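Tertiary structure, described
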Amino acid sequence: MATGAVPASFTGLKSRDHQGISFAKSSDFVRVSDLQRVKFRRTKIAVIRNSTNPGSDTVELEPASDGSPLLVPRQKYCESIHKTIRRKTSTVMVGNVALGSEHPIRIQTMTTTDTKDVAATVEQVMRIADQGADIVRITVQGKKEADACFEIKNSLVQKNYNIPLVADIHFAPAVALRVAECFDKIRVNPGNFADRRAQFETLEYTEEDYQKELEHIEKVFTPLVEKCKKYGRAMRIGTNHGSLSDRIMSYYGDSPRGMVESAFEYARICRKLDFHNFVFSMKASNPVVMVQAYRLLVAEMNVLGWDYPLHLGVTEAGEGEDGRMKSAIGIGTLLMDGLGDTIRVSLTEPPEEEIDPCRRLANLGMRAAELQKGVAPFEEKNRRYFDFQRRSGQLPVQKEGDEVDYRGALHRDGSVLMSVSLDQLKAPELLYKSLAAKLIVGMPFKDLATVDSILLRELPSEDDKDARLALKRLIDISMGVITPLSEQLTKPLPNALVMVTLKELSTGAHKLLPEGTRLVVSLHGDEPEDELEILKSTDATMILHNLPYTEEKTSRVHAARRLFEYLAENSLNFPVIHHIQFPKDTHRDDLVIGAGTNAGALLVDGLGDGILLEAPDQDFEFLRNTSFNLLQGCRMRNTKTEYVSCPSCGRTLFDLQEISAQIREKTSHLPGVSIAIMGCIVNGPGEMADADFGYVGGAPGKIDLYVGKTVVKRAIDMEHATDALIQLIKDHGRWVDPPAEE
């Protein structure tokens, strides 16, 4: 991999690269986009300047991955790659709440009431505070709402509620100035605070044009910074992936790179005015993009020597298990690397319902950091931190002499495995249905979201003909049936995949099996390398990474990263399934959050080929759905309609929860289709960047429909809007009729 180092005094050129890469526009910032193509060891690389950190001799860059045009600082984005160590930050005061690495991870949410309705907003804030939130955000879109904020604050103080209040500002610098006189913190969206709403136009800027826009931002933003200094307020510079300005998108694309630069334009102004009581956020509805953006942000702050705290969140996560899963994937991944000082779980539910899952996530992150959960130090050369590249394990192939088709035991887009009991085999048709197989005259067939393989810890006796026939029928449709070595040796099941441990491999116990038997290796990932050596001489169909969930000091995430590093360094391309066994009495939210964090943190880096969740007292269908939700949330396997659903706020123009439920009921059977359900369009249609179709509040009682980022129908009466959305999906050839009930 090509890398480069440049003197700290290097001063980028005042021009633009023919390849569309921008150069320096401020002497106050080191960024990987300020670069010049040069020859380095016969390879073209890029260099940047560093005029702000004279104590540093060089700043080193490398491609995010082989062949990637994105150059990133060589400095890591976290304190440690082999254990959870919380990133050291400054302390930011939000009212009476201290935020930063020396303090607990703060939890927060946002009101959904009309801000002008002072009584309703005060009541909701009180309910939120009673649930244990540390901070509450309130949308403030105009002068009337700003005036109401004074009444809200005063009323809460009179009722002895001193929870810090945050004003959510878009497009309204004058409103921000007004509300800064009473609220404790101002959230600024750099994509629309001083810029017009994005039109998604590719613009050509001269260096002079670009500089003029930066000067305009400084002129508009400076009064707010000065007022925040005067009143002792905090600020969040909160970039949203979907609301980047046309200027940023023209230079950097709709990308994590653009998100970071958008925030840094505003941060430089704060620093110029000696204002440091601010935090950053890099939110996106896509957890993969969100994780990459935060990592890039921290890597660049490390280069600059900045230590501002982070507010974490996945925006428009949705509702129920879907919303909790997406949030766990994005937020949990970063918490496992020690990143994050305050979090919000954005759900299409009442705001007080967000507090419990938010607290569970925060506790998980703080616990990992307190214990410094990890593994023995190892060198990491192959994981890609900043751009997604999936490591695809070698799927099963047919071999000469195979009696059955093993190729369906794993799925190319990500596999779901389930643990099945002997009791379930007593009712074969119910078992087939629970595995999401189609039934035709009582016979199972694989469907889009059918489980790929099952783990059977105990085989039925050889004289249990019905149970063995049920298993044979599953094997015949290319479903893998995995069973432990001891079971297969005593009650052999034809064509089963046999699970072995590293110890059983090293003792040669597996050699008692018939030649050609497919092996599944179960391991922890933290074993000494000499114990892993046996893998080099093993023909494994897959690996189950199974670290006991009760392990206190060892981190599942870091153990898996170590395992993947070992496999890559030894050119071992086995598929790896993340096998998590939850203890009895695990709360459903803890299971979703635990799976999203411990497996999602790996899948967002392209590490892993599937999931196997076990929980002794949880519903089988819930575990199956959670597994598929995890794969879809990590942008792997689509088995149902994807929804980008905002959590609602005071700007929302309809009952978001009710309408969201109506749309889901009629459209949930469209895998591969993504639908955005947005209460308003404040963040721009780019907030629906991941969606194929959009249902957006345009005015009270009126809905606008989008295809991608383009509005195609305006002002549809709400009672007709859902049907109009369905017709729009049909017009674009994406509709299929729901499957008939069996």
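Refer to the structure presented above.
Residue positions are counted from 1 within each chain, in the order its sequence is given. With pLDDT at 70 or above as the cut-off, local features in this predicted model cover only qualifying residues; side-chain atom pairs require 80 or more to be listed or tallied, and sums for whole chains, interfaces and linings still use all residues. Side-chain calculation: all heavy atoms of the structure are included, whereas hydrogens and water are not.

Along its length, the protein chain carries 21 helices and 30 strands. When accessible area is computed with a 1.4 Å probe and restricted to protein chains, residues below 20% of their type maximum are described as buried, those above 50% as exposed, and intermediate ones as partly exposed. Buried positions account for 62% of the 742 residues belonging to the protein chain. In what follows, a contact means two residues having at least one pair of non-hydrogen atoms within 4.5 Å. Nonlocal contacts in the protein chain, meaning residues at least 24 apart in sequence, comprise 70% of its contacts between residues at least 6 apart. Counting only carbon and sulfur atoms, one obtains 48% of the accessible surface of the protein chain, whose full area is about 28,400 Å². Secondary structure follows DSSP: runs of H or I at least 4 residues long count as helices, runs of E at least 2 residues long count as strands, and numbering of each begins at the N terminus. With residues, only the protein chains shown are counted as cover, and all accessible areas are computed by Shrake-Rupley using a 1.4 Å probe.

This next bit is on the sheet that holds strand S8 (residues 106–110). Reading across the sheet, the eight strands line up as S13-S12-S11-S10-S9-S8-S15-S14 and stay open at both edges, with parallel pairing between neighbours. Of all strands in the sheet, those with a lone pairing partner are strand S13 (278–283) and strand S14 (311–312), marking the two edges. In terms of strand pairing, strand S11 (residues 185–188) meets strand S12 (residues 234–240) through four bridges, oriented parallel. Bridged to Val188 within S12 is Ile237. For helices, the fitted line uses only the C-alpha atoms of the stretch in contact; every axis is such a line through C-alpha atoms, and the angle between N-to-C directions lies from 0 to 180 degrees. Most of the contacts of helix H9 (residues 352–371) go to S8, to which it runs at about 155°, and overall it touches S8 and strand S15 (342–343). In short, DSSP must find at least two bridges between two strands for them to pair.

On to the sheet that holds strand S25 (residues 610–614). In a beta sheet, neighbouring strands pair by backbone hydrogen bonds and run either parallel or antiparallel. If you trace the eight strands once around the closed barrel, you get S16-S19-S20-S21-S22-S23-S24-S25, paired in parallel fashion. With direction set aside, neighbouring strand axes in the sheet form an average angle of 25°. Pairing geometry for strand S16 (residues 415–420) and strand S19 (residues 453–456), over four bridges, is parallel. Residue pairing for S19: Ser419 is matched across the bridge by Leu455.

What follows concerns helix H8 (residues 320–336). The terminal C-alpha atoms of H8, which comprises 17 residues, lie 23 Å apart, in line with the 24 Å expected from a rise of 1.5 Å per residue. The angle between axes fitted to the seven-residue stretch ending at a residue and the seven-residue stretch beginning at it gives the bend at that residue. Maximal helix bending in H8 amounts to about 30°, located at Ala328. With 15 of 17 residues buried, H8 lies mostly within the body of the structure. One or two residues past the end of H8 sits Gly338, with phi positive at roughly 80°. Under the convention used throughout, the expected extent of a helix is 1.5 Å for every residue step, that is, one less than its residue count.

This brings us to the pattern of salt bridges. Here a salt bridge means any side-chain nitrogen of Lys or Arg lying within 4 Å of a carboxyl oxygen belonging to Asp or Glu. A full pass over the atoms with the stated rule returns 49 salt bridges. The partner of Glu261 in a salt bridge is Arg268, with the nearest N and O atoms 3.5 Å apart. Take Arg268: its relative accessible area is 8%, and that puts it in the buried class. For the salt bridge of Glu533 with Lys536, the shortest nitrogen-to-oxygen distance reads 3.0 Å. You can call Lys536 partly exposed: its relative accessible area is 42%. Here the salt bridges share partners, and the residues they tie into one network are Lys143, Asp147, Arg178, Glu181 and Lys227.

In this section: the packing of aromatic side chains. Only rings of Phe, Tyr and Trp enter the pairing, Trp through its six-membered ring, and a pair is recorded when the two centres are within 6.5 Å. The plane angle decides the type: under 30 degrees is stacked, over 60 is edge-to-face, the rest tilted. Per the counting criterion, the structure on display carries 15 aromatic pairs. Each ring, one from Trp306 and one from Tyr308, has its centre 5.8 Å from the other, and the planes form 75°; the classification is edge-to-face. According to the relative accessible area criterion, Trp306 is buried, its value standing at 5%. Here the aromatic residues Phe264, Phe275, Phe278, Phe280, Trp306 and Tyr308 are joined through ring pairs into a cluster of three or more. Counted as over-ring charges are cases with an Arg CZ or a Lys NZ within 6 Å of the ring centre that also lie within 35 degrees of the ring normal. Positioned over the ring face of Tyr210 is Arg247, at 5.7 Å from the centre of the ring.

With that settled, the discussion passes to unusual backbone geometry. Its identity as a non-glycine residue notwithstanding, Asn160 has a phi of 65°, on the positive side. If you trace the backbone, Asn160 turns up in the loop between helix H2 (143–158) and strand S10 (165–169). Accessibility expressed as a relative area gives 66% for Asn160, which makes it exposed. Positive phi, normally seen in glycine, also occurs at Ser571, with a value near 55°. Topologically, Ser571 is positioned in the loop between helix H16 (556–569) and strand S24 (576–581). With a relative accessible area of 67%, Ser571 lands in the exposed category.

At a minimum axis distance of 10 Å, the contact between H9 and helix H17 (residues 588–598) shows a crossing angle of 50°. With respect to H17, the axis of H9 lies oblique. Handedness of the H9/H17 crossing: right-handed. Counted together, Asp356, Pro357, Arg360, Leu361 and Leu364 of H9 and Asp589, Asp590, Ile593, Gly594 and Thr597 of H17 form the full contact between these two elements. Here the term charged refers only to Asp, Glu, Lys and Arg, the term nonpolar to Ala, Val, Leu, Ile, Met, Phe, Trp, Tyr, Cys and Pro, and the term polar to all other amino acids, Gly among them. Broken down by class, the residue content of the contact of H9 with H17 amounts to four nonpolar, two polar and four charged. In these notes the angle categories are as follows: under 35 degrees is roughly parallel, over 145 is roughly antiparallel, 65 to 115 is roughly perpendicular, and the rest is oblique. Left-handed is the label given to a crossing in which the near helix is rotated counterclockwise from the far helix by less than a right angle, and right-handed is the label when the rotation is clockwise.

With that settled, consider the layout of surface pockets. The definitions used throughout rest on a 1 Å grid laid over the protein atoms alone, on which a cavity is an enclosed set of points accommodating a 1.4 Å probe that cannot get out and a pocket is an open set flanked by protein within 12 Å on both sides along at least five of seven lines; lining residues are those having an atom within 4 Å of a point. Grid points are joined across faces, edges and corners, and a volume is the space filled by probe spheres set on the points. Here the second largest pocket defines a volume of roughly 480 Å³. In this structure, the second largest pocket is lined by 22 residues; those nearest its centre are Leu364, Arg367, Lys373, Tyr549 and Asn598. Only H9 and H17 provide two or more residues apiece to the lining of the second largest pocket. Ranked by residue count, the leading element in the lining of the second largest pocket is H9, at six residues. When the residues that make up the lining of the second largest pocket are grouped by side-chain class, the tally is nine nonpolar, six polar and seven charged.

Turning our eyes to something else, we now look at the side chain of Arg344. The residue Arg344 is located in the loop between S15 and H9 in this model. Throughout this description, a polar contact denotes any pair of N or O atoms lying within 3.5 Å of each other; where both atoms belong to protein, one of them has to be capable of donating a hydrogen while the other can accept it, and for residues adjacent in sequence the pair is counted only when both atoms sit in side chains. Here the side chain of Arg344 touches Glu354 through a polar contact of 3.0 Å, side chain to side chain.

Let's shift gears to a nonpolar patch on the surface. Exposure above 30% relative accessible area and no salt bridge define the residues that can form patches, which grow by joining like charges within 9 Å and nonpolar side chains of Val, Leu, Ile, Met, Phe, Trp and Tyr within 5 Å. A cluster of nonpolar residues, Ile440, Val441, Met443 and Phe445, forms a patch on the protein surface that exposes about 410 Å² of accessible area. Looking at where Met443 falls in the secondary structure, it is placed in strand S18 (residues 443–445).

An α-helical turn contains 3.6 residues, so any two residues separated by three or four positions project in the same direction. Taking 1.5 Å of rise per residue, the 14 residues of helix H19 (residues 620–633) would be expected to cover 20 Å, and the 20 Å separating its terminal C-alpha atoms lies within 8% of that figure. When we look at burial in H19, the residues that qualify are Phe620, Phe622, Leu623, Arg624, Thr626, Ser627, Phe628, Asn629, Leu630, Leu631, Gln632 and Gly633. Two residues or fewer past H19, Arg635 is found with a positive phi of approximately 60°.

Nonpolar cores were defined as sets of buried Ala, Val, Leu, Ile, Met, Phe, Trp, Tyr and Cys residues, with membership established by side-chain atoms within 4.5 Å. One finds Ile169, Ile186, Phe221, Leu224, Met235 and Phe280 to be the most contacted residues of the largest nonpolar core, which totals 95 residues. If we ignore the near neighbours within four places in the chain, the residues touching Phe280 are Ile237, Ala263, Phe264, Ala267, Leu297, Met301, Trp306, Tyr308, Pro309, Leu310 and His311. Core analysis: the next-biggest nonpolar cluster, separate from the first, contains 58 residues, Leu410, Leu474, Val481 and Leu603 among them.

Of all seven residues that make up strand S28 (residues 693–699), five are buried, and the element is covered over most of its length. Note: strand S27 (residues 674–678) against S28, four bridges, orientation parallel. Residue pairing across strands places Ala676 opposite Gly694, the latter belonging to S28. Where S28 meets strand S29 (residues 702–707), six bridges bridge the pair, whose relative direction is antiparallel. Within S29, the residue paired with Gly697 across the bridge is Ile703. The turn linking S28 back onto S29 is made up of two residues, and Gly701 within it adopts a positive phi angle of 80°.

This paragraph deals with a negative patch on the surface. Together, Glu462, Asp463, Asp464 and Asp466 make up a negatively charged patch on the protein surface. Structurally, Asp463 is set in the loop between S19 and helix H12 (465–476). Charge counting follows a simple rule: Lys and Arg are positive, Asp and Glu are negative, and His as well as the terminal groups are ignored. Note on charges: their place is set at NZ of Lys, CZ of Arg, CG of Asp or CD of Glu.

We now examine the environment of Lys640. As for its position among the elements, Lys640 is in the loop between H19 and strand S26 (642–645). Excluding anything up to four places from it in sequence, Lys640 contacts Asp322, Asn629, Gln632, Ser668, Leu670, Pro671 and Gly672. Within the local environment of Lys640, its side chain forms a polar contact with the side chain of Asn629, the two groups lying 2.6 Å apart.

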